[in-house]
Amino acid sequence: AAYDLAIRNGTVATASDVFKADIGIRDGKIAAIADVISDAAEEIDATGLLVLPGGIDSHVHIAQKQGEGIVMADDFASATASAAAGGNTMVMPFALQERGTSLRACVEEYRKLAEGNCVIDTAFHLIISDPTPEVLGQELPALLKDGYTSFKVFMTYDDLVLNDRQLLDVFDVARREGALVMVHAEGYDAIRYMTEKLERAGDTAPYYHAASRPELVEREAAHRAISHAELVDVPLMIVHVSGREAMEQIRWAQQRGLKVYGETCPQYISLTAEDLQAAQGGDAMSGAKYVCSPPPRDHESWDAIWEGIRTGVFQTFSSDHCPFRYDSTEGKLNPKGRTSFRWVPNGIPGVETRLPILFSEGVSKGRISLQRFVELSATNHARIYGLYPGKGAIAVGFDADIALWDPVRKETIRQEILHHGADYTPWEGFEVTGWPVMTIARGDVVARDGTVTGQPGRGQILERGLSEFARP
Ligand code: DUC
Ligand code: ZN
Ligand code: ZN
Ligand code: ZN
């Protein structure tokens, strides 16, 4: 046969077009797109289904080192299996530098955890917490040459925060080496001030996590990051934007001609700060299930995020998957977490539910086109993070990374149907229209009808190229 696999009679969507076609796959790559492909060893009938580029989730945390006694709920096997079941063919987790340690040594630790365990392809970003002269002068440039072409910096958290001068120094290296900088924009001092004030008043329940990080905290940090990036003349990606305030800072920068990009996430179009409040008669601690940073806001914020999505302020829609078990002394309900929201680990699981939520709230409800969905879920992630061409589109010569979607299937999100390592989903009971029914990664069927069929270890750890989006 001319092809290993043909996907027949489906409706193909790319970032620019929607059309009926068959797809021929050979050696893990898309070898042909044609009206009819009949000479394949195997066939999948996609009648009534959408044939989309597999999702790329460029913001996930897997097995990331936490503070003492806290453990992430996913390893690389479970996180990538969960991603595959949710219509993804690639994830980008973080290799975290701990202060006082070599960046290179940390990268090798994370690689070791990932190697042999990933169901789908994976590529690491770096997190820089300790920008010593050695890190900035030697380690970072060398790692960039090895294909780690983006890194995240934090403007908050005791163990991660960089001061303004450190941000400027890191930005300067990114500019010189062509790396893309991702920024967690929330201001450390403002959060500390609010947290201590709330704790003094006895307001320590998970609910007060949101109050400790109001939108202006995010707006101020976004503005500061943007201004520093302008000073250095380096592009910037502001990740996990939660509402109007930070969105408007990015738009302001873009209107001034700066290369500032924006990412948002499902929690900012579907959860609110009220979710952190216990249900009537419920356990006040249950709000911990929704503790992530920035926190979910309100319905007006959802509208602002949609405005940003529709008008192109945001380029990527990621999960920020950061899973902790709820009912665990190593997770949300750790002993210190019960005493104050300050110690509840920040993050929620979402790698498997990202695409159904965006598809349902976006495409099915008529807020965005299918092409825009493809761009936000896959193509832009590949373009911005140095994987394009090759990934992120349905085109001849690209990896055969494909998700088949049933656009009219109704599903209720429930913990029992998910594959992550967490013991809950923040979207329990959330109803969606549109569901990924099969995921094909480099030509292999890795998930089908809610069952993960891809073996751990088939996924590769990829090096990435420099991104055009990172050019000053
Ligand atoms: N930032 C993230 O990107 N993920 C989880 C927690 C956080 O602060
Ligand atoms: Zn380490
Ligand atoms: Zn962050
Ligand atoms: Zn994150």
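Residues numbered from 1 in each chain as written. Chains lettered and ligands numbered in written order. Predicted model: local features only at pLDDT ≥ 70, side-chain atom pairs only at ≥ 80, totals over all residues.

Per an unreviewed UniProt entry, the protein chain is named Dihydropyrimidinase, and its organism is Saliniramus fredricksonii. UniProt annotates the protein chain under Cofactor (unreviewed entry) with the comment "Zn(2+)". (UniProt positions renumbered as here; feature names shortened; annotations may be inferred.)

K.L.:
Hey, could you run me through the overall build of the protein chain in this one?
P.N.:
Scanning the protein chain from terminus to terminus reveals twelve helices and 19 strands. At 21 Å, the protein chain has a C-alpha radius of gyration in line with the 23 Å of a compact globule built from 472 residues. Its C-alpha atoms give the protein chain principal-axis dimensions of roughly 70 × 55 × 40 Å. For the protein chain, the residues scored as buried account for 57% of the 472 residues in total. For the protein chain, the share of sequence-separated contacts (at least 6 apart) that also reach a separation of at least 24 residues comes to 78%. (Helix = DSSP H or I, 4+ residues; strand = E, 2+ residues; numbered from the N terminus. Rg over C-alpha atoms; globule rule 2.2 N^0.38 Å. Buried ≥ 20, exposed ≤ 12 C-beta atoms within 10 Å, placed from the backbone. Contact = placed C-beta atoms within 7 Å.)

K.L.:
How should the UniProt feature "modified residue: N6-carboxylysine" (unreviewed entry) in the protein chain be read in this particular structure?
P.N.:
Residues annotated by UniProt as "modified residue: N6-carboxylysine" (unreviewed entry) correspond here to Lys152. Tracing the backbone through its elements, the reader meets lysine 152 in strand 11 (residues 150-154). The exposure class of lysine 152 is buried, given the 20 C-beta atoms found within 10 Å. When sequence neighbours within four positions are dropped, the list of residues in contact with lysine 152 reads Phe94, His125, Ile127, Met182 and His184.

K.L.:
What am I meant to see in the sheet that holds strand 7 (residues 88-91) here?
P.N.:
Either a parallel or an antiparallel arrangement is found when strands of a sheet pair, and the pairing is made through backbone hydrogen bonds. Taking strand neighbours across the sheet as the criterion, the three strands line up as 6-7-9 in an open arrangement whose pairing is parallel. Looking along the sheet, the strands with just one partner apiece sit at the ends: strand 6 (55-57) and strand 9 (121-122). Here strand 6 pairs with strand 7 via three bridges, running parallel. Opposite isoleucine 56, over in strand 7, you have methionine 90 as the bridge partner. Most of the contacts of helix 1 (residues 76-85) go to strand 7, to which it runs at about 145 degrees, and overall it touches strand 6, strand 7 and strand 9. (Pairing = 2+ DSSP bridges. Axes fitted to C-alpha atoms, helices over the stretch in contact; angles between N-to-C directions.)

K.L.:
How should I be thinking about the site of ligand 1 in this particular structure?
P.N.:
Every residue near ligand 1 is listed here: His61, His184, His240, Ser293, Asp320, Cys322, Asn346 and Gly347. Classifying every residue of the shell around ligand 1 by side-chain character gives one nonpolar, six polar and one charged. (Near = placed C-beta within 6 Å. Nonpolar A, V, L, I, M, F, W, Y, C, P; charged D, E, K, R; others polar.)

K.L.:
Whenever I open this one, the sheet that holds strand 11 confuses me. Can you help?
P.N.:
One open sheet accounts for seven strands, arranged 8-10-11-12-13-14-15; its pairing is parallel. Two strands close off the open sheet at either side, each with one partner strand: strand 8 (94-96) and strand 15 (316-317). Pairing analysis gives two bridges linking strand 10 (residues 125-127) to strand 11, with the strands arranged parallel. Note on strand 11: the bridge partner recorded for isoleucine 127 is lysine 152.

K.L.:
Which parts of the structure should I look at to understand the packing of helix 3 (residues 133-145) against helix 4 (residues 164-177)?
P.N.:
How two helices pack is summed up by the angle between their axes together with the distance between the axes. Here helix 3 crosses helix 4 at 45 degrees, and the two axes come no closer than 11 Å. The orientation of helix 3 relative to helix 4 falls into the category oblique. Considering only the axes of helix 3 and helix 4, their crossing is right-handed. For the pair helix 3 and helix 4, contact is made by Leu136, Leu140, Pro141 and Leu144 and by Asp169, Val170, Val173 and Glu177, respectively. Partitioning the contact of helix 3 with helix 4 into residue classes produces six nonpolar, no polar and two charged. (Parallel < 35°, antiparallel > 145°, perpendicular 65-115°, else oblique. Left-handed = near helix turned anticlockwise from the far one by under 90°.)

K.L.:
Could you clarify how one ought to interpret the environment of alanine 73 in this entry?
P.N.:
Structurally, alanine 73 is set in the loop between strand 6 and helix 1. Through-space distance from the C-alpha of alanine 73 to that of alanine 422 is 5.2 Å; in sequence the pair is 349 residues apart. With residues up to four places along the chain from it excluded, the contact list for alanine 73 reads Pro323, Phe324, Arg325, Gly331, Pro349, His420, Gly421 and Ala422.

K.L.:
Help me understand the pairing of strand 5 (residues 50-53) in this model?
P.N.:
Residues in a regular strand point their side chains to alternate faces of the sheet. Both strand 1 (residues 3-13) and strand 5 contribute to a ladder of two bridges, which runs parallel. Note on strand 5: the bridge partner recorded for valine 12 is valine 51. Relative to strand 16 (residues 402-412), strand 5 runs antiparallel, the two being bridged by four bridges. Bridging across to strand 16, leucine 52 finds its partner in alanine 403.

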